[in-house]
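A closer look at the structure
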Amino acid sequence: MTLYYEMLRIRRIEEAIALHYPEQKMRCPVHLSIGQEAVAVGVCQNLSPKDYVISGHRAHAHYLAKGGSLPRMIAEIYGKKTGCCKGRGGSMHLTDLETGFVASTPIVASSIPIGVGIAFASLMKKEPRVTTIFFGEGATEEGVWAESLNFAALKKLPVLFICENNFYSVYSPLHVRQPEERDRVAIAKAHGIYTDAGDGNSVEDVFSKTNKALEHVRKGQGPAFLEFTTYRYREHCGPYFDNHIGYRTEEEAALWQTRCPLKNYQNIDEEKQIAAEINAAFLFAHNSPLPGLDEWRMQNRDSQEILSCVL
Ligand SMILES: Cc1ncc(C[n+]2csc(CCOP(=O)(O)OP(=O)(O)O)c2C)c(N)n1
Ligand SMILES: [Mg+2]
């Protein structure tokens, strides 16, 4: 089944990144989505290449689920010239315009108004596409989230807001950051936006709720906001586990392991196929050159090119 294949592929790719990270050749931070694959896959399986996606610091899964090139992502993380950002961005600056993955931006919540602006451009240009914006629940604590909801609702923009609620922002649990009564879904709904919430560890639930929300957005009835609960298994940033440092309990982490989106899923042929693809991507990255001085000089021109493609 495609949904499970895609989740397994993302899981194994990120495990390979975690395995090689301590070699110190990837000179950028990495925020892994291991445990959260169902949200990326369940949403992106509803999108076509002409639809746009934008994400934040934890973007590997979204980029891959949208069809972004694996070799170019691995090369980017290794800072190589063949990377999707020509080796200048690293893990938190992914882009693949051919498949509609516009960008990822590391400043929390900054991708939200950018995504809304892109959707506004699509509407003005009468291009029938939806822009999906992935962000964590931490991003809803930033002012731009509210401004973006308001503008997207006002202009009935073709935007799908996807909030991945993994209950933590770095080491801070949700209850020390937001009052218990603060209901993000209700806030979006109060703007007249279509809303729903679901189990982010069930790929079927994510897929079907996204499908329904997209019907609304594609009909031109305005944006949709969906919140999915899920859990990251590894440390906030980096390849290791950090439950022992005390900001969350081993019991809580173990409970979420029982809800793993890939629980009970096994397929030896798929594992082999994925392993071969990963080996080829790492080899491509290793064999690629580092960027030269000329590439650095071209940086400004390239950013302008990306902007002119989508706006
Ligand atoms: C404006 C801003 N503030 C702080 C940071 C540092 N920072 C990076 S990721 C992160 C946590 C964000 O939490 P959330 O949005 O829930 O995403 P998650 O890491 O849980 O996927 C923080 C505070 C940042 N990158 N940008
Ligand atoms: Mg979070």
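We now turn to the structure provided with this report. (Residues numbered from 1 in each chain as written. Chains lettered and ligands numbered in written order. Predicted model: local features only at pLDDT ≥ 70, side-chain atom pairs only at ≥ 80, totals over all residues.)

What follows concerns the site of ligand 1. Residues in close proximity to ligand 1 total 14 residues, the closest being R58, V108, G136, G138 and S169. Of the residues belonging to the shell around ligand 1, the class tally is 6 nonpolar, 6 polar and 2 charged. (Near = placed C-beta within 6 Å. Nonpolar A, V, L, I, M, F, W, Y, C, P; charged D, E, K, R; others polar.)

In this section: the pairing of strand 3 (residues 131–136). Among the 6 residues of strand 3, 6 are classified as buried, and the element is accordingly described as predominantly covered. Of the two faces of strand 3, both are covered, the one formed by T131, I133 and F135 as well as the one formed by T132, F134 and G136. Two elements, strand 1 (residues 52–55) and strand 3, share 3 bridges in a ladder whose sense is parallel. Looking across to strand 3, one finds that Y52 is bridged to T131. One ladder, built from 6 bridges, connects strand 3 with strand 4 (residues 159–165); its direction is parallel. Looking at strand 4, one finds that F135 is bridged to C163. In this fold, strand 3 hands off to helix 6 (residues 143–154), which returns the chain to strand 4; that crossover is right-handed. (Buried ≥ 20, exposed ≤ 12 C-beta atoms within 10 Å, placed from the backbone. Helix = DSSP H or I, 4+ residues; strand = E, 2+ residues; numbered from the N terminus. Pairing = 2+ DSSP bridges. Right-handed = clockwise from strand over helix to strand, strands pointing away.)

It is worth spelling out helix 8 (residues 203–218) at this point. Between its first and last C-alpha, helix 8 extends 22 Å over 16 residues, near the 22 Å set by a 1.5 Å rise per residue. Restricting attention to buried positions, one finds in helix 8 the residues V203, V206, K209, T210, A213, L214 and V217. Here the buried residues of helix 8 occupy an arc of 140° about the axis, which is enough to place them on one side. Where helix 8 is buried, its residues contact helix 1 (2–20), helix 2 (37–44), strand 4, strand 7 (194–199) and strand 8 (224–229). Directly beyond the C-terminal end of helix 8, a positive phi value near 85° is found at G220. (Expected span 1.5 Å × (residues − 1). Arc of directions from axis to C-beta. Contact = placed C-beta atoms within 7 Å.)

The phi torsion at K126 lies on the positive side, around 55°, for a residue other than glycine. With respect to the helices and strands, the residue K126 is situated in the loop between helix 5 (111–124) and strand 3. With a phi close to 70°, F167 is a non-glycine residue in the positive phi region. Inspection of the secondary structure assignment puts F167 in the loop between strand 4 and strand 5 (168–169).

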